[in-house]
Amino acid sequence: MADSENQKFCLQEVLESFKSCLSPEKEIYIEHYVSGWRGLVKLLNSLGSLFGFISKDAVSKTQILMNYLKSENGPHYATVQSMVKFELDNELVDVDKKGIYPESGCRTLLRLHRALRWLQLFLERLRTSKEDDKTSVMCRDAYNESLAQHHPWLIRKSAGMAFYSLPVRLAFFEVMNVGTPEQVVDVLGKAVPLLCEVYQITEELYQKHNLHDLP
Ligand code: 1PX
């Protein structure tokens, strides 16, 4: 695992990455998008071995995108918009569900995009939660409302078991490394609309090109 993934999580840092991923023309820079996810993986890694399989999948998806960025086609992968155009123009995407390109940038990003919806829902629940609310329940409800519909039974069960082991609300706030609970709520208030915007831009792009069902 890369060193950066063993470092301490900081919510503010993740927020900065997602902020930098939006260009003035509302294009999404893949490098910063990936860096936001890598920041989140640091938090996952501090939550214990039950989250290992989730972290592994997130790392592998971010690695696929980074590899494209570093490849000779790198400039085409600078933004989500240019990646979609490049892969569609060159027929590098399984639009007819054949499964010939199981690692296309578009299908890989779609998995992270769906996870971003979960994150958005989870963080909004955390932001508006009360002292006694359970992190595991917030996480489970957000998952059931989003990612769960795309996962088979075994993954849903394993994810459900991992959620039970989440730290209680205050301890979870400490893991976020932002400061007092009030400061956490404040940062979450900035993070959620930002994630929402990044999500919405990708969502519309994928809708426009009919990319929501990539296998
Ligand atoms: C401030 C709080 C931050 C919390 C940070 C948590 C970061 C979570 C990162 C999760 C990234 C998950 C990516 C999942 C992508 C995915 O859906 N992959 C599946 C499909 O991929 P495939 O290539 O097969 O089509 C793959 O099968 C998934 C495997 C792993 C299970 C994913 C479960 C995700 C549950 C939501 C994350 C819960 C983490 C809870 C921590 C608070």
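Criteria and thresholds
Residues numbered from 1 in each chain as written. Predicted model: local features only at pLDDT ≥ 70, side-chain atom pairs only at ≥ 80, totals over all residues. Heavy atoms only, no water. UniProt positions renumbered as here; feature names shortened; annotations may be inferred. Helix = DSSP H or I, 4+ residues; strand = E, 2+ residues; numbered from the N terminus. Core = buried A, V, L, I, M, F, W, Y, C linked by side-chain atoms within 4.5 Å. Buried < 20%, exposed > 50% of the residue type's maximum accessible area, 1.4 Å probe, protein only. Contact = heavy atoms within 4.5 Å. Near = heavy atom within 4 Å. Polar contact = N/O pair within 3.5 Å; in protein donor to acceptor, adjacent residues only side chain to side chain. Areas by Shrake-Rupley, 256 points an atom, 1.4 Å probe, with all protein chains shown as cover. 1 Å grid on protein atoms, 1.4 Å probe; cavity = no way out; pocket = protein on both sides within 12 Å on 5 of 7 lines; lining within 4 Å. Sits in = over half its atoms within 2 Å of the grid points. Nonpolar A, V, L, I, M, F, W, Y, C, P; charged D, E, K, R; others polar.

A.B. asks: What should I look at first to understand the UniProt feature "domain: Glycolipid transfer protein" (unreviewed entry) in the protein in this one?
C.D. replies: Residues annotated by UniProt as "domain: Glycolipid transfer protein" (unreviewed entry) correspond here to residues 29-177. Note that residues 29-177 is 66% helix and 0% strand, and that its end C-alpha atoms are spaced 26 Å apart.

A.B. asks: Would you mind going over the nonpolar core with me for this structure?
C.D. replies: Side chains of nonpolar character tend, in soluble globular proteins, to be buried together. By size, the foremost hydrophobic cluster in this structure holds 64 residues, and its most contacted members are Phe18, Tyr33 and Met83. Not counting residues up to four positions away in its chain, the partners in contact with Phe18 are Tyr33, Gly36, Trp37, Leu40, Leu116, Leu194, Leu195 and Val198.

A.B. asks: Would you take a moment to explain the site of the ligand for this structure?
C.D. replies: If you check the shell around the ligand, you find 28 residues, and the closest are Asp57, Lys61, Arg107, Arg111 and His151. Between Lys61 and the ligand, the recorded distance is 2.8 Å, taken from a side-chain N or O atom to an oxygen atom. With respect to the ligand, the side chain of Arg111 contributes an N or O atom lying 3.0 Å from an oxygen atom. Its free accessible area being 930 Å², the ligand has 90% of it covered by the protein chains. Using a 2 Å cut-off from the grid points, one finds that the ligand occupies the largest pocket. Looking at the shell around the ligand, the elements that each hand over two or more residues are α2 (30-45), α3 (52-70), α5 (105-127), α6 (135-145) and α7 (153-164). Sort the elements by how many residues they give to the shell around the ligand and α5 lands first, with seven residues. Counted by class, the shell around the ligand contains 23 nonpolar, one polar and four charged residues.

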